[in-house]
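Examination of the molecular architecture
Chain by chain, the residues run as shown.
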Amino acid sequence: MGLLTIGTFARASRLSPKALRLYDELGLLTPARVDPVTGYRFYAPEQLDQARLVAWLRRLGMPLARIRQVCTLDAGQAAQEIRAFWVQAEADTAARRDLATFLIDHLSRKDRALSPTAKPLAIRYAALSDTGLVRESNQDTVYAGSRLLAVADGFGAQGALASAAAVDALKRLETDSGPAGDLLHLLEDAVEQADRAVNGVAGPASSSDEAGTTLTAMLWTGSQLALVHIGDSRVYLLRGGELFQITHDHTMVQSMVDEGRISSAEAASHPQRSLLIRALGPGADGTPDMRLHDVEREDRYLLCSDGLSTVVPTEEIDRVLSENDEPEAVVRELVALANGCGGPDNVSCAVADVMELQQ
C-alpha cells in the first residue's frame, strides 16, 4: 500500500486533519512525506498505530509533552509510563472527590447535628514519643488533646524545631470554634500557618536540608474526624476487629508501588524508602490530603511516625491495639515494641478511642 493522503489517514486514525497538522508541528507525528510545492502531507500506513496511540492518550487527558515522551519509548516502557500517569490521575481525582464530598456534606448540612436519640460521643486519648535506641535526639513531636491529635516527624538540622512548630500551629484548633461549614477553612489556614512556622524555623535562605517535617493530624468535631496528612506518618483505624490504614504515604517508594514499578515487599527494603515527595519546609510540596472521616462508637485511632510503622509489623500493631483497653497502655507497648526491634528511629504514637460522653 502506498502513502495515504492526510484526509484518508485522518479517517483511518480517527484524528482530524487539524489535529494531524498540530501533531506534526509539535513533533508528535511527522508525515512520511510533505509535497515541497503544495505542502500537502502524506502518511505511511505503518504510522496508523502511533496515530491511534496519540488519539487514545489524548482521550486519557495526557498532556502533549508527555505524549511526545511516551511515543519515543518501546512498548514495555510506554506501558509503564501510561500506568504512572493514570495512577497520578486517579490520585488527583480522589483528592477532588474527597473535597467534593466534604463540600456536599457541609452545603447540604448532612449530619451536622446529633439526632435527638443519638448519644453524644467523645474521645479518650494518650500520646508518647521516644528517641529510640540509635538517634541522638528526638525530632518527632506528638500531641493528643480533647479535640486534636497530631504527629510530626522532623528532618534536617532543625528537624526538632520544625516538627514542634508545625504541631504548635495546629494547637489553636483545640479552642477555635465556628460553624461546621468553616471547618475546611480552619484546617487550610492551620496548615498554611504550620508551613509558615516551619519555614520560619529554617530561615529565608535555607533548604529542606535545614528544616522540614511531616504533619498528620485529626480534628475531632463531635461526630466526625477531620484528617490532614502530609508525608509518611500514618493513621490507622481499628473498627469491628479489623485494622485499616486510612492515610497514604507521600514517599517516592510508595509512588513506585502505586505505579507498579516495584512490589510492596521490595519497597520495605528499598534504599529510598524514606524519600518524601510531600512535606512542610522550604522548597517542599506541602499540599495536604484532607478529608472528613465518620466515626463510630468503639473506634480506635492510631497516629504514628514512621519510626513505628517501618519497624513493627502491622500484625503486631493490630495485636497491641486489639488487646489493650487503655490508650496509655497502648502507646507504651507500641513504643516498647519499636525499641525492641532495635529502635532505629524516633518513635511517636497518639491513640484515641471513641466513646459515649458520660453525662
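Read on for a plain summary of the structure. (Residues numbered from 1 in each chain as written. Predicted model: local features only at pLDDT ≥ 70, side-chain atom pairs only at ≥ 80, totals over all residues. Heavy atoms only, no water.)

A separate point is the state of the cysteines. All chains considered together, the criterion is met by zero disulfides. Not part of a disulfide, C304 finds its nearest cysteine sulfur in C349, a span of 5.8 Å. The class for C304 is buried, based on a relative accessible area of 0%. (Disulfide = S-S within 2.5 Å. Buried < 20%, exposed > 50% of the residue type's maximum accessible area, 1.4 Å probe, protein only.)

Attention now goes to the packing of helix α1 (residues 6-13) against helix α3 (residues 48-60). When two helices pack together, their arrangement is given by the angle between the helix axes and by the axis-to-axis distance. Close contact between α1 and α3 brings their axes to 9 Å; oriented N to C, the two are set at 55°. In this view, α1 runs oblique relative to α3, as classed from their interaxial angle. α1 and α3 meet at a crossing whose hand is right-handed. On α3, the residues touching F9, A12 and S13 of α1 are L48, A51, R52 and A55. The residue inventory of the contact of α1 with α3, partitioned by class, reads five nonpolar, one polar and one charged. (Axes fitted to C-alpha atoms, helices over the stretch in contact; angles between N-to-C directions. Helix = DSSP H or I, 4+ residues; strand = E, 2+ residues; numbered from the N terminus. Parallel < 35°, antiparallel > 145°, perpendicular 65-115°, else oblique. Left-handed = near helix turned anticlockwise from the far one by under 90°. Contact = heavy atoms within 4.5 Å. Nonpolar A, V, L, I, M, F, W, Y, C, P; charged D, E, K, R; others polar.)

What follows concerns the pattern of salt bridges. Tallied over the entire structure, the rule returns 17 salt bridges. Residues D299 and R239 are paired through a salt bridge, measuring 2.6 Å at the closest nitrogen-oxygen approach. In this pair, D299 sits in the loop between β12 (289-294) and β13 (300-304) while R239 sits in strand β10 (residues 234-239), placing the two residues 60 residues apart along the sequence. Take D299: its relative accessible area is 2%, and that puts it in the buried class. Notably, a salt bridge pairs R319 with E333, separated by 3.3 Å at the nearest N-O pair. Of this pair, R319 sits in helix α11 (residues 314-323) while E333 sits in helix α12 (residues 327-340), and the two are 14 residues apart along the sequence. A residue is classified by how much of its surface remains accessible, and R319, at 25% relative accessible area, is partly exposed. Here the salt bridges do not stand alone but share partners, grouping R124, R300, E326 and D353 into one network. (Salt bridge = Lys/Arg side-chain N within 4 Å of Asp/Glu carboxyl O.)

Don't take any of this as a statement about function, it's just geometry.
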